[in-house]
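The chain contents come next:
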Amino acid sequence: AGEEIIDGEMQCTACNRIYPVENGIADLRPDPLPRQRNSETPYETEASVSAYLWSQYADLFQDDQASDAYRRWADLIKPASGIAVDAGAAVGRFTFELGRKHDFAVGIDTSRAFIRTARKLMHHRRIIFHVKEEGDITRPVTLTLPPEWANDAIDFIVGDAQAMPFSSGSMSSIASLNLVDKIPK
């Protein structure tokens, strides 16, 4: 559809490996895992997606409990030409920040739910989700991306930060926030 691959395959010209693209999401993990039920991994649940959306973007909708850490971290990044990678992007906040300071930014995460949500933000620039208040009580929140965050300078893929699907030296910058405590080695 236009320049977007919705469903299909990509083949690496170096190793001939075939990578699937389903519903616009490329899975570039070296050994894609079979689809798991939401109960089998905490990062595929609606509750996790909501929690990560709140933690990464709450400052944009002026939540009184919000941290401005992502904005402050982004302020430390110097503009550079080339492609930046956000390894462990989750729902994409830092990828959008990197896209403002580089020619292109790619967010990579193993969670399809996180990448699906980040891509939804990229395409629609707005999302409504439910923030947990207490117990099972939630409230709806509307997140709208700032106009200066260009969605034509970013993309999101499913991939493994421990086996990056990029050739050595092809990226000008790499960032990884809140990932070290989540990986086994």
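This text follows the structure it describes.
Residues numbered from 1 in each chain as written. Predicted model: local features only at pLDDT ≥ 70, side-chain atom pairs only at ≥ 80, totals over all residues. Heavy atoms only, no water.

Summing up its helical and strand segments, the chain has four helices and nine strands in all. Ordered by position in the sequence, the α and β elements of the chain form the string β-β-β-α-α-β-α-β-α-β-β-β-β. For a compact globule of 185 residues, the expected C-alpha radius of gyration is about 16 Å, and the chain comes in at 16 Å, within 12% of that figure. In terms of overall dimensions, the chain has a C-alpha envelope of 50 × 40 × 40 Å along the principal axes. Relative to its 185 residues, the chain shows a buried fraction of 39%. Put simply, of all contacts in the chain between residues at least 6 apart along the chain, 57% involve residues at least 24 apart. Carbon and sulfur atoms form 51% of the exposed surface of the chain, whose accessible area is close to 10,700 Å². Between the mean site of the 20 positive side-chain charges and the mean site of the 27 negative ones, the chain shows a separation of 1 Å. (Helix = DSSP H or I, 4+ residues; strand = E, 2+ residues; numbered from the N terminus. Rg over C-alpha atoms; globule rule 2.2 N^0.38 Å. Buried < 20%, exposed > 50% of the residue type's maximum accessible area, 1.4 Å probe, protein only. Contact = heavy atoms within 4.5 Å. Areas by Shrake-Rupley, 256 points an atom, 1.4 Å probe, with all protein chains shown as cover. Lys, Arg positive; Asp, Glu negative; His and termini not counted. Charge placed at Lys NZ, Arg CZ, Asp CG, Glu CD.)

Time to look at the environment of Asp152. Looking at the secondary structure, you find Asp152 in the loop between strand 7 (137-144) and strand 8 (154-158). By relative accessible area, which is 63% here, Asp152 ends up exposed. Counting along the chain gives 29 residues from Asp152 to His123, while the straight-line C-alpha distance between them is 9.2 Å.

Moving on to the sheet that holds strand 5 (residues 104-109). Strand order in the open sheet formed by four strands is 8-5-4-9, and the pairing between neighbours is parallel. Pairing within the sheet leaves two strands with one partner each, and these edge strands are strand 8 and strand 9 (173-175). The average angle at which neighbouring strand axes cross in this sheet is 20 degrees, direction not considered. Where strand 4 (residues 83-87) meets strand 9, three bridges bridge the pair, whose relative direction is parallel. When the bridges of strand 9 are listed, Ala84 appears paired with Ser173. Of the strands in this sheet, strand 5 and strand 8 touch helix 4 (residues 112-124), which is tilted by about 160 degrees from strand 8. (Pairing = 2+ DSSP bridges. Axes fitted to C-alpha atoms, helices over the stretch in contact; angles between N-to-C directions.)

With a phi angle near 65 degrees, Asn16 is a residue other than glycine that sits in the positive phi range. Along the chain, Asn16 turns up in the loop between strand 1 (8-11) and strand 2 (18-22). In this model, Asn23 sits at a positive phi of 55 degrees, which is unusual for a non-glycine residue. Within the secondary structure layout, Asn23 lies in the loop between strand 2 and strand 3 (25-26).

So, about the side chain of His102. Within the secondary structure layout, His102 lies in the loop between helix 3 (93-99) and strand 5. With relative accessibility at 6%, the residue His102 sits in the buried group. For His102, the residues in contact, after removing those within four places along its chain, are Ile77, Lys78, Ala80, Gly82, Ala84, Ser172 and Ser173.

The three strands are arranged 1-2-3 in an open sheet whose pairing can be described as antiparallel. Both outer strands of the open sheet, strand 1 and strand 3, are each paired with one neighbouring strand and no more. Alignment of strand 1 against strand 2, held across four bridges, turns out to be antiparallel. For Met10, the partnering residue across the bridge sits in strand 2 and is Tyr19.

Interpretation note: all reported values are geometric properties and have no functional meaning in isolation.
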